[in-house]
Amino acid sequence: MGQALCCIQVDQSNIAIREQFGKFDEVLEPGCHCMPWFLGSQLAGQLSLRVQQLDVRCETKTKDNVFVTVVASVQYRALAEKAADAFYKLSNTRAQIQAYVFDVIRASVPKLELDSAFEQKNEIAKAVEEELEKAMSAYGYEIVQTLIVDIEPDEHVKRAMNEINAASRMRLAAGEKAEAEKLLQIKRAEGEAESKYLSGLGIARQRQAIVDGLRDSVLAFSVNVPGTSAKDIMDMILVTQYFDTMKEIGASSKSSSVFIPHGPGAVRDIASQIREGLLQAEAV
């Protein structure tokens, strides 16, 4: 209907190319325009000025011979002041951009090892953007931004990298665990040493108290019973201790103590052995 009335509409963010008798005539801005077809004017086409995005997947090889797939995202748009160049000079803009992306990536990534490629994503993106800017500006296009959104190694390589990382972390964990166990053993040994030290002090004080008690008992018995010797008193104390011990053993149903030889007379033998040991020690 619009062309029948010699009028056309150009939408916002678009421009239209008008030709006269097949030759470029004018770039039409958004709005309503007169198109006198009877004078040879015709609409050649429209061109969007919106920012467009092209995702490019490029397979290449790193310096350490690892095949990777680099995913680049290119954002571009046509320039209104160069609309004629953008419309007439390129027939397939996306294919042209893709070819330049392939060229730059395959020239840059093989110079880097895999780890460096991950670290220098921004440098690769900048190189792609600079090359595209130089090439596409002659065709009326502006490169808004170029991003390297992903670098995908081969699946086997990724699995190997994960295993290396896991092994490294396990090695660190093992070292930390061994260090913790070492500290635990040291603390346990220190605790046992302190416990044995305190136990030894307790036993020493106990024996000292027993000796003091026996001495007091011998002195008191000697004073109260004249004519008794220290040997008689010690024999009686040993017999008393013997019967107290037997009483305690008999009171326990789970006792496993056995005295060999057994009998009250054995106490005298024990006392004799102790006495002889002391005398021999003094003689030496």
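*Asks:* Where do I start with the nonpolar core in this structure?
*Replies:* Looking at soluble globular proteins, one finds that nonpolar side chains tend to be buried together. Counting 34 residues, the largest nonpolar core has Ile97, Val101, Ile105, Leu132 and Tyr141 as the members making the most contacts within it. Contributions of two or more residues to this core are made by strand S2 (14-20), strand S6 (52-61), strand S7 (67-78), helix H1 (83-88), helix H2 (93-108), helix H3 (114-119), helix H4 (121-136) and strand S8 (141-153). Here Leu132 is in contact with Val74, Ile97, Tyr100, Val101, Ser137, Ile143 and Thr146, once residues within four sequence places are set aside. Of all hydrophobic cores here, the second largest spans five residues; its members include Ile8, Ala16, Leu28 and Met35.

*Asks:* Honestly, the sheet that holds S7 in this entry has me stumped. Any pointers?
*Replies:* Strand pairing in a sheet relies on backbone hydrogen bonds. The paired strands run either parallel or antiparallel. Taking strand neighbours across the sheet as the criterion, the three strands line up as S6-S7-S8 in an open arrangement whose pairing is antiparallel. Each end of this open sheet is capped by a strand with a single partner; those strands are S6 and S8. Shown here is a sheet whose adjacent strand axes are inclined to one another by a mean of 20°, direction ignored. Of the strand pairs in this sheet, S7 and S8 are connected by 11 bridges, and their pairing is antiparallel. For Gln75, the partnering residue across the bridge sits in S8 and is Gln145. Running at roughly 35° to S6, H2 makes contact with S6, S7 and S8 of the sheet. Those strands touched by H4 are S7 and S8, and its axis lies near 145° from that of S8.

*Asks:* What exactly am I supposed to notice about the pattern of salt bridges here?
*Replies:* Note that side chains of opposite charge can pair when their charged atoms are close. As enumerated under the stated definition, the model contains seven salt bridges in all. Here Arg18 makes a salt bridge to Asp25, at a shortest N to O gap of 3.2 Å. The salt bridge partner of Lys134 is Glu131, with a shortest N-O separation of 3.8 Å. Here Lys134 and its partner Glu131 are both found in helix H4, three residues apart, which amounts to about one turn of the helix. Under the relative-accessibility criterion, Lys134 is labelled exposed at 62%. Among the residues examined, Glu131 registers a relative accessible area of 27% and is labelled partly exposed.

*Asks:* Explain H2 to me, please; I cannot follow it from the model alone.
*Replies:* The periodicity of an α-helix, 3.6 residues per turn, causes residues three or four places apart in sequence to face the same way. Compared with an ideal rise of 1.5 Å per residue, which puts 16 residues at 22 Å, H2 spans 23 Å between its outermost C-alpha atoms and is within 8% of the ideal. For H2, every residue scored as buried is listed here: Thr93, Ile97, Val101, Phe102, Val104, Ile105 and Ser108. Considering only its buried residues, H2 is in contact with S6, S7, H4 and S8.

*Asks:* Sorry if this is basic, but what is going on with the packing of aromatic side chains here?
*Replies:* Where two aromatic rings form a pair, the distance of their centres and the angle of their planes describe that pair. Under the criterion given, the structure shown has three aromatic pairs. Taken together, a centroid distance of 5.0 Å and an interplanar angle of 80° make the contact between Phe87 and Tyr88 edge-to-face. We classify Phe87 as partly exposed; its relative accessible area is 23%. Since its relative accessible area comes to 37%, Tyr88 is described here as partly exposed. Counting every residue linked through ring pairs, the aromatic cluster contains Phe24, Phe87 and Tyr88.

Reading the values: rules and limits
- Residues numbered from 1 in each chain as written.
- Predicted model: local features only at pLDDT ≥ 70, side-chain atom pairs only at ≥ 80, totals over all residues.
- Heavy atoms only, no water.
- Core = buried A, V, L, I, M, F, W, Y, C linked by side-chain atoms within 4.5 Å.
- Buried < 20%, exposed > 50% of the residue type's maximum accessible area, 1.4 Å probe, protein only.
- Helix = DSSP H or I, 4+ residues; strand = E, 2+ residues; numbered from the N terminus.
- Contact = heavy atoms within 4.5 Å.
- Pairing = 2+ DSSP bridges.
- Axes fitted to C-alpha atoms, helices over the stretch in contact; angles between N-to-C directions.
- Salt bridge = Lys/Arg side-chain N within 4 Å of Asp/Glu carboxyl O.
- Expected span 1.5 Å × (residues − 1).
- Phe/Tyr/Trp six-rings, centres within 6.5 Å; stacked < 30°, edge-to-face > 60°.

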